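Each chain is listed here by its residues.
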Amino acid sequence: MRPSRYAAGRDRSHFPRRRFDPSGPAGRALILLALAVACGIGLGVGLPNVSPTVGRITGDYAAGGPAADALSRLVIDDDPDRSGYDRSLFGYRATDDDGNGCDVREDVLARDLTDVRYVTAGGCAVRSGTLDDPYTGRTIRFVRGARTSSAVQIDHVVALENAWQSGARDWDTATRYRFGNDLANLLAVDGPANQEKGSASAAYWLPTNGDYRCRYVARQIAVKAAYGLTVTSREQRAMQSVLAACPGEPLP
């Protein structure tokens with residue numbers, strides 16, 4: 001049996017359809033609650049990047065292990081001085097510290113490339129080879145030549161200018177030359193990536209190859225520790241943030 005018109009009308013009036021009223025007390029309370037939740041999420045995500053203090057509290061910079069411990073011992077200097085810097089003061093490729101008669105660039109190419117072939121048998125000059133580039137993750141075929149050699153460049157992991165303003169300006173010539181040709185601070189890498197990095201510290205540049213970032217930062221820390229170089233607060237935080245993703249990262 002169909003309900004009468006009276007019954008249907010009665011039902012609708014007895015159970016009125018509820019609509020959201022933003023102007024009412026309940027509506028205003030729901031809006032305020034939604035805004036509070038949204039602000040809380042935004043603060044939780046954004047504050048570690050805005051405030052170093054909040055970042056430490058939330059664990060954004062928490063790191064442990066040999067590399068992190070060594071980083072914590074580096075002196076912080078937030079007033080670095082680059083005045084007087086000149087790349088030639090480091091004598092890159094001007095020494096032969098291992099006494100093998102080879103240019104340090106050739107030493108690094110021979111160490112970091114695979115399938116190495118030399119210009120002459122028993123010589124130093126690398127004619128060709130394959131680089132598994134740590135900075136980009138690309139595989140690069142190196143061929144010596146005026147137009148091709150720059151595809152693979154030798155990077156100072158702690159850049160010379162960064163070293164200068166981190167303490168090397170006070171070194172004697174012998175120490176600067178040793179640093180400029182230290183195999184522990186030299187890597188064969190993708191040429192464009194090396195140019196993009198320039199003299200930037202970890203605060204401003206990291207390899208696009210995420211899998212290498214922990215080892216990259218650990219190597220920078222090891223070099224700075226070995227030579228007593230400083231870091232800025234921003235550089236330290238950037239390194240801590242990287243190392244937080246790889247607890248226990250060793251020094252190279």
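We now turn to the structure provided with this report. These numbers come from a predicted model, not from an experiment.

## Examining the overall build of the protein
- Along the backbone of the protein there are ten helices and five strands.
- Going through the 252 residues of the protein one by one, you find that 40% of them count as buried.
- Here the protein has roughly 14500 Å² of accessible surface; of this, 53% comes from carbon and sulfur atoms.

## Topic: the side chain of Asn181
- As for its position among the elements, Asn181 is in the loop between helix 7 (173-180) and strand 5 (186-190).
- On the accessibility criterion, Asn181 (5% relative accessible area) is buried.
- Reaching out from Asn181, the side chain makes a polar contact with the backbone nitrogen of Arg93 at a distance of 2.7 Å.
- In this structure, Asn181 is in contact with Phe90, Gly91, Tyr92, Arg93, Ala94, Thr95, Asp97, Val104 and Leu186, ignoring residues within four places of it in sequence.

## Topic: the nonpolar core
- Counting 24 residues, the largest nonpolar core has Tyr135, Tyr216, Val217, Ile221 and Leu243 as the members making the most contacts within it.
- Of all the secondary structure elements, the ones that give two or more residues to this core are helix 4 (66-73), strand 5, helix 9 (213-227) and helix 10 (233-243).
- With residues near it in sequence (within four places) discarded, Tyr135 still touches Asp155, Val157, Leu187, Val189, Ala193, Lys197, Trp205, Pro207, Thr208, Asn209, Tyr212 and Tyr216.

## Section: the pattern of salt bridges
- Scanning the model with the defined rule gives seven salt bridges in all.
- In this structure, Asp112 engages Arg111 in a salt bridge whose closest nitrogen and oxygen atoms are separated by 2.7 Å.
- Judged by relative accessible area, Asp112 falls into the partly exposed class, the value being 21%.
- For Arg111, a relative accessible area of 39% puts it in the partly exposed group.
- Where Arg138 meets Asp190, a salt bridge forms, and the shortest distance between an N and an O atom there is 2.8 Å. In this pair, Arg138 sits in the loop between strand 2 (126-132) and strand 3 (139-143) while Asp190 sits in strand 5, placing the two residues 52 residues apart along the sequence.
- On the basis of relative accessibility, which here comes to 45%, the residue Arg138 falls in the partly exposed class.
- A relative accessible area of 5% places Asp190 in the buried class.

## Looking at the environment of Ala203
- Within the secondary structure, Ala203 is located in the loop between helix 8 (191-197) and helix 9.
- Here Ala203 is in contact with Arg234, Glu235 and Ala238, once residues within four sequence places are set aside.

## Observations regarding the side chain of Asn194
- Here Asn194 lies in helix 8.
- Among the polar contacts listed, one links the side chain of Asn194 to the side chain of Gln153, at a separation of 2.9 Å.
- Not counting residues within four places of it along the chain, the set of residues in contact with Asn194 comprises Gln153, Ile154, Asp155 and Val189.

## Let's talk about the state of the cysteines
- Taken as a whole and assessed by the stated rule, the structure comprises two disulfides.
- Residue Cys102 pairs covalently with Cys124 via a disulfide, S to S 2.0 Å. Every disulfide takes its handedness from the sign of the S-S torsion; for Cys102 and Cys124 that torsion is -70 degrees, giving left-handed. Taken together, the residues Cys102 in the loop between helix 4 and helix 5 (104-112) and Cys124 in the loop between strand 1 (114-118) and strand 2 connect sequence positions 22 residues apart.
- With a relative accessible area of 13%, Cys102 lands in the buried category.

Cut-off values and rules
Residues numbered from 1 in each chain as written. Predicted model: local features only at pLDDT ≥ 70, side-chain atom pairs only at ≥ 80, totals over all residues. Heavy atoms only, no water. Helix = DSSP H or I, 4+ residues; strand = E, 2+ residues; numbered from the N terminus. Buried < 20%, exposed > 50% of the residue type's maximum accessible area, 1.4 Å probe, protein only. Areas by Shrake-Rupley, 256 points an atom, 1.4 Å probe, with all protein chains shown as cover. Polar contact = N/O pair within 3.5 Å; in protein donor to acceptor, adjacent residues only side chain to side chain. Contact = heavy atoms within 4.5 Å. Core = buried A, V, L, I, M, F, W, Y, C linked by side-chain atoms within 4.5 Å. Salt bridge = Lys/Arg side-chain N within 4 Å of Asp/Glu carboxyl O. Disulfide = S-S within 2.5 Å.

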